[in-house]
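Take a look at the letters that make up each chain.
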Amino acid sequence: MGYYDDHYQTNRTTKKKRNWFLPSLIGAIIGALIVIVALPALQEADLLPFQSAEQGSNEITQGNGDNSQAGPTSNVNVDVSTQITEIVGEVTPAVVGVVNIQSSTNFWQQEESGQAGTGSGVIYKTEDGSAYVVTNHHVIEGADEVEVVLSDETHVSAELLGSDVFTDLAVLKMSADQVDKTIEIGSSDSVKVGEPAIAIGNPLGLMFSGSVTQGIISGKQRAIPQDFDGDGRADWQAEVIQTDAAINPGNSGGALINMSGQLIGINSMKIAQSSVEGIGFAIPIDSATPIIEQLETEGTVTRPYLGVEAYSLEEVAQVEWERRLNLPEEVEGGIYLRSIEPMSPADQAGLKELDVITKLDGEPIQDVIGLRKHLYQEKQVGEEMTVTYYRDGEQQETTVTLASQEY
């Protein structure tokens, strides 16, 4: 009997739910239809307490939810033109591609010319119908012909006026008939670490010509060792500007500019290691300018010449310092002379093989790089230089009159 009562109550409850649900559903449908039909009329009569998205598109509610604070506003137009885009637009026509063309002989002994490499360059002046381009020495090294590719992809034949391996600079001359823009020269000495910088060039070839990267000046007067002859020993230390603006192969010779659109450096080298990112280098324009002028007018760079084959003491085993060079214990660094060129300034000053130079003009010299920097950056052709050296364990001194040598 109990089972019958429970079953009866359940059936009755189900019937009540069904009787309630159907009228509710019909009522909801009828109400929705009424709203859809009546809504346009209510909007036209302005009887709604709100506005649709279409009607309110020209107004915006301000304040903390109080519609009484709403007021008319104008459409916002965003101008994407910035200082950087304006600078790039001004400078890019002065940044060009440089094509190194070299000749070779094929299997049938016929001479062929082909593209050996590409880089970048900067048009820095026009004069008497000619345009002058500065680029890197390594971009045009070994070239039989050189072409300059303008920003509009016009190819112009160029003449190599001269190049310098130590500063990695070269100067080209070409017709100015199709040149519309030259770059403005700035000052690298006035740049500050942390200020913005822009690099423009042709990374990975001419297909990416005019590429722009932005960064900051990461450091000044960085000394980067360079090995010119591939013997594993540094032959020179280039003083460069460090930037984190991306500088890739093909960017070499391109422009590093400041936020005034002025040239502050010639992009040169990048640390090519997979674990290193954001480290690029540029030749400071203040130190490059006198080299550029000399290459333009003379084709070579004339530097003081000593006339010795020298090596750093650090390349010699410490035990040899005493046995072969007879150096006293107080000597901590210097350069030893392996050979002396006949009739050279060093020969005329009395220097001999196995002499060890420790000072130049009273300044300690630790290695060959120090010797070259003193000669090339502090001395002029024809000047005298005081050399302090050791011979057979005794300190001596002589005066050298520097001659000239073209590089």
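Cut-offs used in this document
- Residues numbered from 1 in each chain as written.
- Predicted model: local features only at pLDDT ≥ 70, side-chain atom pairs only at ≥ 80, totals over all residues.
- Heavy atoms only, no water.
- Helix = DSSP H or I, 4+ residues; strand = E, 2+ residues; numbered from the N terminus.
- Buried < 20%, exposed > 50% of the residue type's maximum accessible area, 1.4 Å probe, protein only.
- Contact = heavy atoms within 4.5 Å.
- Areas by Shrake-Rupley, 256 points an atom, 1.4 Å probe, with all protein chains shown as cover.
- Core = buried A, V, L, I, M, F, W, Y, C linked by side-chain atoms within 4.5 Å.
- pLDDT = per-residue confidence, 0-100.
- Salt bridge = Lys/Arg side-chain N within 4 Å of Asp/Glu carboxyl O.
- Polar contact = N/O pair within 3.5 Å; in protein donor to acceptor, adjacent residues only side chain to side chain.
- Phe/Tyr/Trp six-rings, centres within 6.5 Å; stacked < 30°, edge-to-face > 60°.
- Lys NZ or Arg CZ within 6 Å of the ring centre and 35° of its normal.
- Arc of directions from axis to C-beta.

Draft legend 1. Representation of the overall build of the chain within the structure. Along the backbone of the chain there are 7 helices and 23 strands. The burial tally for the chain puts 39% of its 407 residues in the buried class. A sequence separation of at least 24 residues applies to 61% of the contacts in the chain between residues at least 6 apart. For the chain, the exposed surface amounts to about 23,500 Å²; the carbon and sulfur share of it is 48%.

Draft legend 2. View of the nonpolar core. Counting residues in each nonpolar core, the largest one holds 26 residues, and the members touching the most others are L306, I357, L371 and V387. Where this core is concerned, the elements lending two or more residues are β12 (236-243), β18 (335-340), β19 (356-360), α7 (368-378) and β21 (384-391). Of the residues forming this core, the biggest block, 4 residues, is contributed by α7. Not counting chain neighbours up to four residues away, the residues in contact with I357 comprise G334, I335, L337, L351, I365, V387, T388 and Y389.

Draft legend 3. Representation of the confidence of the model for the chain within the structure. Summing up the model confidence of the chain, the mean pLDDT is 80 and the portion of residues at 70 or higher is 76%. Here strand β1 (residues 59-60) is the element of the chain with the lowest mean pLDDT, 36, and strand β5 (residues 130-135) is the one with the highest, 97. In this model residues 76-80 is a low-confidence stretch, pLDDT under 50, and it forms 0 contacts with partners more than four residues away in sequence or in other chains.

Draft legend 4. How the structure looks around the environment of A282. By secondary structure assignment, the location of A282 is in strand β15 (residues 280-284). It is 5.5 Å that separates the C-alpha atoms of A282 and V240, two residues lying 42 residues apart in sequence. Discounting residues that sit within four places of it in the chain, A282 has contacts with V240, I241, L256, G265, I266, N267 and S268.

Draft legend 5. How the structure looks around the pattern of salt bridges. Scanning the entire structure with this criterion turns up 8 salt bridges. With a shortest N-O distance of 2.8 Å, D164 and R303 are connected by a salt bridge. Of this pair, D164 sits in strand β7 (residues 155-164) while R303 sits in strand β16 (residues 302-305), and the two are 139 residues apart along the sequence. With respect to burial, D164 and R303 carry one shared label: buried. Across the pair K379 and E383 runs a salt bridge, and its minimum N-O distance is 3.8 Å. For K379, a relative accessible area of 10% corresponds to the buried category.

Draft legend 6. Seen up close, the side chain of N100. Within the secondary structure, N100 is located in strand β3 (residues 95-105). Here the side chain of N100 touches Q102 through a polar contact of 3.3 Å, side chain to side chain. Engagement of the side chain of N100 in a polar contact is seen with the backbone oxygen of E141, the distance being 3.1 Å. With residues up to four places along the chain from it excluded, the contact list for N100 reads G114, Q115, A116, G117, V139, I140, E141, G142, A143 and E145.

Draft legend 7. The packing of aromatic side chains, seen in detail. Applying the stated criterion across every chain, the model contains 3 aromatic pairs. Their ring planes at 45 degrees and their centres at 6.3 Å tell us that Y124 and Y132 sit as a pair that is tilted. For the residue pair Y124 and Y132, the accessibility class agrees, reading buried in each case. Where F166 meets Y376, the ring centres are 5.3 Å apart and the plane angle is 70 degrees; that geometry is what we call edge-to-face. A residue pair is termed long-range when its members are at least 10 positions apart, and F166 in the loop between β7 and β8 (169-175) and Y376 in helix α7 qualify at 210 residues. Of the two residues, F166 and Y376, neither departs from the other in class, the shared state being buried. Lying over the aromatic face of Y132, K125 brings its terminal NZ or CZ to 5.0 Å of the ring centre. Looking at R303, its charged tip hangs above the ring of Y376, at a distance of 5.3 Å from the centre.

Draft legend 8. Quick look at helix α2 (residues 83-91). Along α2, the residues classified as buried are I87, V88 and V91. What you see down the axis of α2 is that its buried residues fit within an arc of 95 degrees, all on one side. Turning to α2, the residues buried within the fold contact β3, β10 (196-201), β11 (211-226) and β13 (255-257).

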